[in-house]
Amino acid sequence: MKDEIINLHSNKTVIAKHISSNIQADTLFTFTKKLDYLIEWLSNRRLFARYNIEDIDYLGIENLNKIAFPMKCFCDINLHRLKDHVANYGYYGLAFTKEWGMNNGVQAVQYVNPYSELTKDISFILNKIFNSDNELESEEMDNLKSYAIHQLLYRAGKLR
């Protein structure tokens, strides 16, 4: 099965193939505790992001220990394991194919080890950005900020 995916950075169409999993569901679910939110999604034919506060104290950024990201959470839990999940996140939900997710740029959160080299690199870059005295040219700084925030956005989950 082939799906066309548009790369948002280059506006080029890329052909990608979704590989089915025997471990995870091939369905993305999103849940809410409020029926009103589900009705709003359906009425507007749109999912709305909500701000999620992430603890980033482990990155050691001076004067910054939390950050809020707009996000829409999905899970790919098999149906027989959803009971505990919906008890925590809500019983109202929608399901989408993973192909839909790929075509719409859905990206999984990647949990990081707070003691890993990756975490040290992200911490170094973010400290450079937030504590910079503008030694980098503005375009360079904008690119660095964009990269670092993107990395943090998808790596905000810390292994516990």
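All of these numbers come straight from a predicted model, not from anything done at the bench.

A.B. asks: Describe the overall build of the protein chain, and please don't skip the residues or the numbers.
C.D. replies: The number of helices and strands found in the protein chain is five helices and six strands. Across the protein chain, helices and strands are ordered from the amino to the carboxyl terminus as β-β-β-α-β-β-α-β-α-α-α. Within the protein chain, the fraction of its 160 residues that count as buried is 29%. A sequence separation of at least 24 residues applies to 62% of the contacts in the protein chain between residues at least 6 apart. Total accessible area on the protein chain stands at roughly 11,800 Å², and carbon and sulfur atoms take up 50% of it.

A.B. asks: How would you sum up the packing of aromatic side chains? Please name residues and give values.
C.D. replies: In total, this model carries four aromatic pairs according to the counting rule given. Here F96 and W100 contribute two aromatic rings whose centre-to-centre distance is 4.1 Å and whose plane-to-plane angle is 20°, an arrangement assigned as stacked. We classify W100 as partly exposed; its relative accessible area is 28%. Among the aromatic residues, those joined into a cluster by ring pairs are F74, F96 and W100. The ring centre of Y37 lies 3.9 Å from the NZ or CZ of R50, which sits over that ring.

A.B. asks: For the side chain of T32, give the residues involved together with the corresponding values.
C.D. replies: Inspection of the secondary structure puts T32 in strand 3 (residues 27-32). Of the polar contacts made by the side chain of T32, one reaches the backbone nitrogen of K34; its length is 3.3 Å. In contact with T32, not counting residues within four places along its chain, are Y37, L38, W41, Y89, G90, Y91 and Y92.

A.B. asks: Please set out the pairing of strand 5 (residues 66-71) residue by residue, giving values where relevant.
C.D. replies: Only one face of strand 5 is buried, namely the one carrying I67, F69 and M71, since none of K66, A68 and P70 on the opposite face is buried. Direction of pairing for strand 4 (residues 50-55) relative to strand 5: antiparallel, over a ladder of six bridges. Counterpart to D55 in the pairing with strand 5 is K66.

A.B. asks: With reference to specific residues and values, describe unusual backbone geometry.
C.D. replies: Positive phi, close to 50°, is recorded for R45, a residue that is not glycine. Along the chain, R45 turns up in the loop between helix 1 (35-44) and strand 4. Taking the relative accessible area as the measure of exposure, R45 reaches 79% and is therefore exposed. In this structure, N63 takes a positive phi of about 65° despite not being glycine. Note that N63 resides in the loop between strand 4 and strand 5. Given the relative accessible area of 77%, N63 is considered exposed.

A.B. asks: Summarise helix 2 (residues 82-89); cite the residues concerned and give the values.
C.D. replies: Within helix 2, the full set of buried residues consists of L82, H85 and V86. Seen along its axis, helix 2 keeps its buried residues to an arc of 90°; they face one direction. Residues of helix 2 that are exposed and angled more than 90 degrees away from the buried face: K83 and D84. Contacts from the buried residues of helix 2 go to strand 3. Remark: G90 follows helix 2 within two positions and exhibits a positive phi of approximately 120°.

A.B. asks: Let's hear about the state of the cysteines: which residues, and what values?
C.D. replies: A full pass over the atoms with the stated rule returns zero disulfides. With no disulfide of its own, C73 has C75 as its nearest cysteine by sulfur position, at a separation of 9.4 Å. C73 sits in the partly exposed class, given a relative accessible area of 48%.

Criteria and cut-off values
Per chain, the residues get numbers from 1 upward, laid out in the order the sequence is written. Local features in this predicted model are restricted to residues of pLDDT 70 or higher, and side-chain atom pairs are both shown and tallied only at a pLDDT of 80 or more, whereas totals for entire chains, interfaces and linings draw on every residue. For the side-chain quantities, the full set of heavy atoms in the structure was used; hydrogens and water were omitted. Helical segments are the DSSP runs of H or I of at least four residues, strand segments are the runs of E of at least two, and each set is numbered from the N terminus. Throughout, exposure labels follow a simple rule: accessible area from a 1.4 Å probe, protein chains only, divided by the maximum for the residue type, with under 20% read as buried, over 50% as exposed, and the rest as partly exposed. We call two residues contacting when some pair of their heavy atoms lies within 4.5 Å. The protein chains shown are the only cover counted for residues, whose accessible areas, like all others here, come from Shrake-Rupley with a 1.4 Å probe. The pairing test for Phe, Tyr and Trp rings, Trp by its six-membered ring, is centres within 6.5 Å, and the orientation test on the planes gives stacked under 30 degrees, edge-to-face over 60, and tilted for anything in between. Here, over-ring charges are defined by two tests on the NZ atom of lysine or the CZ atom of arginine: distance to the ring centre within 6 Å, and angle to the ring normal within 35 degrees. Distance and chemistry together define a polar contact, namely a pair of N or O atoms within 3.5 Å, with one atom able to donate a hydrogen and the other to accept it when in protein, and with adjacent residues in sequence counting only for side-chain atoms on both sides. Pairing between two strands requires that DSSP report at least two bridges joining them. The arc refers to the directions leading from the helix axis to the C-beta atoms. Throughout, a disulfide means two cysteine sulfur atoms within 2.5 Å of one another.

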